[in-house]
Amino acid sequence: MIKKELCKILQHKEIAKDIYELTVAGELVDEINEPGQFVHIRVTDSWDPVLRRPISISSYDKKRKQLTMIYRKDGQGTSLLSQMAPGMELDILGPLGNGFPVSEVSIAETALLVGGGIGVPPLYELSNQLTAKGVKVIHVLGFQTESAVFYENEFSKNGETFVATVDGSYGAKGFVTDIMKDLSFDCIYTCGPTPMLKAIEQGYSNKRLFLSLEERMGCGVGACFACVCKSGEDPNGTSYKKVCSDGPVFRAGEVML
Amino acid sequence: MSRLNIDLPGLKLKNPIMPASGCFGFGREYSQFYDLSTLGAIMIKATTTEPRFGNPTPRVAETRAGMLNAIGLQNPGLKKVMSEELSWLSQYDVPIIANVAGSLEEDYVEVAKEISKASNVHALELNISCPNVKTGGIAFGTIPEVARDLTRKVKEVSEVPVYVKLSPNVTNIVEMAKAVEAGGADGLTMINTLVGMRLDLKTGKPILANRTGGLSGPAVKPVAIRMIYEVSQAVELPIIGMGGVQSAEDVIEFFYAGASAVAVGTANFVDPFVCPTIIEELPLLLEKLGFEHISECTGRSWK
């Protein structure tokens, strides 16, 4: 069930350049089903900006009723969010959408988790859950530059972790796809910019593949039709999927990227 | 005794609050949050003869205290709206106002004729003001004679009263209102969104794939108030007002301007509970302001 709740901020800090980690406590944590779901945050009581901000959940702890999000301070909304301090209350709507299916890989298999930039966070809870289940996980994380890199150590605790930066200032120079070529795995879970998702979908059509999409959203619950994409079976027709309520995670081919 | 019940052509409303068309889908999503029977009415998403996918994304862009949208009348088409959405909505004790759209005159007529037969559709909202489609929509809503003739044709086939949704993107809104009144409209709904644009600072290009979009939200409220103020003095038709409503205070202001009911749009996206919250707060606000019934507020600005 989706809840709207004022959640108390427990921790809020910058973990890389313009990248913030935010932990809140709330009853709505009980309602989270899967890694990869998101919440919709109202960053101000005034009406500027008007809309909520969709932010993915990077990890959660049901026992302590806490959830952590990682976001990039970019526009007006996330700048306002970044100024909020522990102890303050945050108006959160969630959990929203459908996440990564953990049950798609079995214990003897290897899962490859591929994240690009601010698409990395939702993979962290997924990595934790797959690891807890006994699945072998390998991570490939891509960033623009060294100052934008985050969570390398956290991911490394669960499994082998490769980092690539576009400018080569940290890890391997290039894209996540350059690293993926040399790895063997059974299933891919990925989240990141659309060109990256497209490249992975084209290159690995023979694998089980789950992609998490990002799109500008209005309501976040499926009513406004802002974040719609074409259905994969019907690329020229009128069938559609809503990123917010049918996704944000889709099986490869389910939607047109 | 209720302070909020309102009778309008075709509509016996237990309260004058309803979600605006395009901001509430067909109600399913918001039924997760509260009982839809709480609402005065529901204005469902625009329906066209055939299914429509709508515009490419991005379809929304934010502006100061407002948002631009260019969805492009995405909907599953008349047949599915009738068989799946309206029949699903019939489990609720709430009158439906069906928003009717099209590209050609005959599209409007066909949708109006069929959809007005649904048992829970108590009125139509003729959408001659959508700014986001290439043909139809606003093309019918900016020339008085065209709007009048379309209203007349739809009135001929509709089995329920017809409200016409006016566009603010005109030189003279009073002239438009008078034209559709002459065409036989039973009421007006106003205002649709204002055409606007937003450009990306880095690329210099429009953020919306459709380039232009319709502005809604608190930013447009003063425009809506002014237009309702002018139109309500010039025509005999009841007005369902909309444009940036987010609180019980806003609702009263719309009534003062000349509205007899109020629709809530963009605010649903921010607070899914906004409609029931306003409905709950209105009686207290009326009490505070010294009104026995909300109908006493209508047109207070000029009466």
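Residues numbered from 1 in each chain as written. Chains lettered and ligands numbered in written order. Predicted model: local features only at pLDDT ≥ 70, side-chain atom pairs only at ≥ 80, totals over all residues. Heavy atoms only, no water.

Chain B carries the name Dihydroorotate dehydrogenase in an unreviewed UniProt entry, which gives Neobacillus kokaensis as its organism. The UniProt entry for chain B carries the following comment under Subcellular location (unreviewed entry): "Cytoplasm". The record in UniProt for chain B states the following under Function (unreviewed entry): "Catalyzes the conversion of dihydroorotate to orotate with NAD(+) as electron acceptor." (UniProt positions renumbered as here; feature names shortened; annotations may be inferred.)

Looking at an unreviewed UniProt entry, one finds chain A named Dihydroorotate dehydrogenase B (NAD(+)), electron transfer subunit, with Neobacillus kokaensis as its source organism. Its UniProt record, at the heading Function (unreviewed entry), says of chain A: "Responsible for channeling the electrons from the oxidation of dihydroorotate from the FMN redox center in the PyrD type B subunit to the ultimate electron acceptor NAD(+)." According to the UniProt record, the Pathway (unreviewed entry) comment for chain A is "Pyrimidine metabolism; UMP biosynthesis via de novo pathway; orotate from (S)-dihydroorotate (NAD(+) route): step 1/1."

Enquirer: Please set out the overall build of chain A residue by residue, giving values where relevant.
Expert: Secondary structure summary: chain A contains 5 helices and 15 strands in total. Computed over the C-alpha atoms, the radius of gyration of chain A is 18 Å, within 12% of the 18 Å expected from 2.2 N^0.38 for a compact globule of 257 residues. For chain A, the spread of C-alpha atoms along the principal axes amounts to about 50 × 45 × 35 Å. Relative to its full complement of 257 residues, chain A shows a buried share of 56%. (Helix = DSSP H or I, 4+ residues; strand = E, 2+ residues; numbered from the N terminus. Rg over C-alpha atoms; globule rule 2.2 N^0.38 Å. Buried < 20%, exposed > 50% of the residue type's maximum accessible area, 1.4 Å probe, protein only.)

Enquirer: Run through the UniProt feature "binding site: FMN" (unreviewed entry) in chain B, naming residues and quoting values.
Expert: Here the UniProt-annotated "binding site: FMN" (unreviewed entry) positions come out as B:S21, B:K45, B:A46, B:N99, B:N127, B:K165, B:I191, B:G217, B:G243, B:G244, B:G265 and B:T266. Among the residues just listed, B:S21, B:K45, B:A46, B:N99, B:N127, B:K165, B:I191, B:G217, B:G243, B:G244, B:G265 and B:T266 line the largest cavity. For B:K45, the position within the fold is in strand β4 (residues 42-47). Here B:K45 falls in the buried class, since its relative accessible area comes to 5%. Sequence-distant contacts of B:K45, that is, excluding residues within four places in its chain, are made with A:F225, B:S21, B:G22, B:G25, B:F26, B:I71, B:Q74 and B:N99. Of note, B:N99 is situated in strand β7 (residues 96-100). On the basis of relative accessible area, B:N99 is assigned to the buried category, the value being 1%. (1 Å grid on protein atoms, 1.4 Å probe; cavity = no way out; pocket = protein on both sides within 12 Å on 5 of 7 lines; lining within 4 Å. Contact = heavy atoms within 4.5 Å.)

Enquirer: Please give an account of the UniProt feature "binding site: FAD" (unreviewed entry) in chain A that cites residues and values.
Expert: All names here are of chain A. Per the UniProt record, "binding site: FAD" (unreviewed entry) is found at R53, P54, I55, S56, I70, Y71, R72, G77 and T78. Looking at where P54 falls in the secondary structure, it is placed in strand β4 (residues 53-61). Those residues in contact with P54 that lie beyond four places of it in its chain are F38, V39, H40 and M217. Looking at where R72 falls in the secondary structure, it is placed in strand β5 (residues 66-72).

Enquirer: Can you explain the pattern of salt bridges? Please cite residues and give values.
Expert: All told, the structure shown has 26 salt bridges over all chains when counted by the stated rule. We note a salt bridge from A:E21 to A:K13, for which the minimum N-O separation is 3.6 Å. Assessed through its relative accessible area of 10%, A:E21 is described here as buried. Given the relative accessible area of 40%, A:K13 is considered partly exposed. Between B:K221 and B:D250 there is a salt bridge, and its shortest N-O distance comes to 2.7 Å. Of this pair, B:K221 sits in helix α5 (residues 221-234) while B:D250 sits in helix α6 (residues 248-257), and the two are 29 residues apart along the sequence. Taken individually, B:K221 and B:D250 each receive the classification buried, so the pair is uniform in this respect. (Salt bridge = Lys/Arg side-chain N within 4 Å of Asp/Glu carboxyl O.)

Enquirer: Would you mind going over the layout of surface pockets in detail, with residue names and values included?
Expert: Taken as a whole, the second largest pocket encloses approximately 410 Å³ of empty space. What lines the second largest pocket is a set of 18 residues, and nearest its centre among them are A:F225, A:Y240, A:K242, B:P76 and B:E85. Looking at the lining of the second largest pocket, the elements with two or more residues in it are β14 (240-242) of chain A together with α1 (78-89) of chain B. Looking at the lining of the second largest pocket element by element, the count peaks at 3 residues for α1(B). (Points joined across faces, edges and corners; volume = space filled by probe spheres on them.)

Enquirer: So what about the sheet that holds strand β9 (residues 160-165) of chain A? Which residues, and what values?
Expert: Residues and elements named next belong to chain A. Spatially, 7 strands are ordered β10-β9-β8-β7-β11-β12-β15 in an open sheet, and the strand pairing comes out mixed. Each of the sheet's edge strands pairs with one partner strand only, and the pair in question is β10 (172-173) and β15 (249-251). Relative to β10, β9 runs parallel, the two being bridged by 2 bridges. Residue pairing in the sheet places T165 in a bridge with K173 of β10. This element, helix α5 (residues 194-203), spans β7 (110-116), β11 (187-191) and β12 (208-212) of the sheet and lies at about 165° to β11. (Pairing = 2+ DSSP bridges. Axes fitted to C-alpha atoms, helices over the stretch in contact; angles between N-to-C directions.)

Enquirer: Can you lay out the nonpolar core for me, pointing to particular residues and giving the numbers?
Expert: Within the largest apolar cluster, 137 residues are counted, with the highest numbers of intra-cluster contacts made by B:L36, B:L124 and B:I240. The element contributing the most residues to this core is helix α8 (residues 274-289) of chain B, with 7 residues. Look past the residues within four positions of B:I240 in its chain and what remains in contact with it is B:L8, B:L11, B:M18, B:M43, B:I97, B:Y163, B:L188, B:T189, B:M190, B:A261, B:V262 and B:A263. Among the nonpolar cores identified, the runner-up in size contains 29 residues, and A:I70, A:A111, A:I118 and A:V149 belong to it. (Core = buried A, V, L, I, M, F, W, Y, C linked by side-chain atoms within 4.5 Å.)

Enquirer: An account of the UniProt feature "binding site: [2Fe-2S] cluster" (unreviewed entry) in chain A is needed here, citing residue identities and associated values.
Expert: If you check UniProt for "binding site: [2Fe-2S] cluster" (unreviewed entry), the listed places come out as A:C219, A:C224, A:C227 and A:C244 in our numbering. Taken together, the annotated residues stretch across 26 residues yet fold into one region, lying no more than 10.2 Å apart by C-alpha. Of the annotated residues named above, the ones that line the largest cavity are A:C224. Here A:C224 lies in the loop between β12 and β13 (228-230). When its relative accessible area of 6% is taken as the criterion, A:C224 is described as buried. Apart from the residues within four sequence positions on either side, A:C224 is in contact with A:G218, A:C219, B:G22, B:I71 and B:F269. Within the secondary structure layout, A:C244 lies in the loop between β14 and β15. Setting aside its immediate chain neighbours within four residues, A:C244 contacts A:F38, A:G97, A:M217, A:G220, A:V221, A:G222 and A:C227.

Enquirer: Help me get a handle on the pairing of β12(A), residues and values and all.
Expert: Residue and element names in this part refer to chain A. With 4 of 5 residues buried, β12 lies mostly within the body of the structure. The pairing of β11 with β12 spans 5 bridges and is classified as parallel. From the neighbouring strand, T190 faces β12, where its bridge partner is L211. Each parallel crossover has a hand, and the one from β11 via α5 to β12 is right-handed. Bridging between β12 and β15 involves 3 bridges; their strand directions are antiparallel. (Right-handed = clockwise from strand over helix to strand, strands pointing away.)

Enquirer: Could you give me a rundown of the side chain of A:T190, with the residues and numbers involved?
Expert: Residue and element names in this part refer to chain A. Its location among the elements puts T190 in strand β11. For T190, a relative accessible area of 0% translates into the label buried. Only 2.8 Å separates the side chain of T190 from the backbone oxygen of V114, close enough to count as a polar contact. Each residue touching T190, except ones within four places of it in the same chain, is listed here: F100, V114, L123, M196, L197, I200, L209, F210, L211 and S212. (Polar contact = N/O pair within 3.5 Å; in protein donor to acceptor, adjacent residues only side chain to side chain.)

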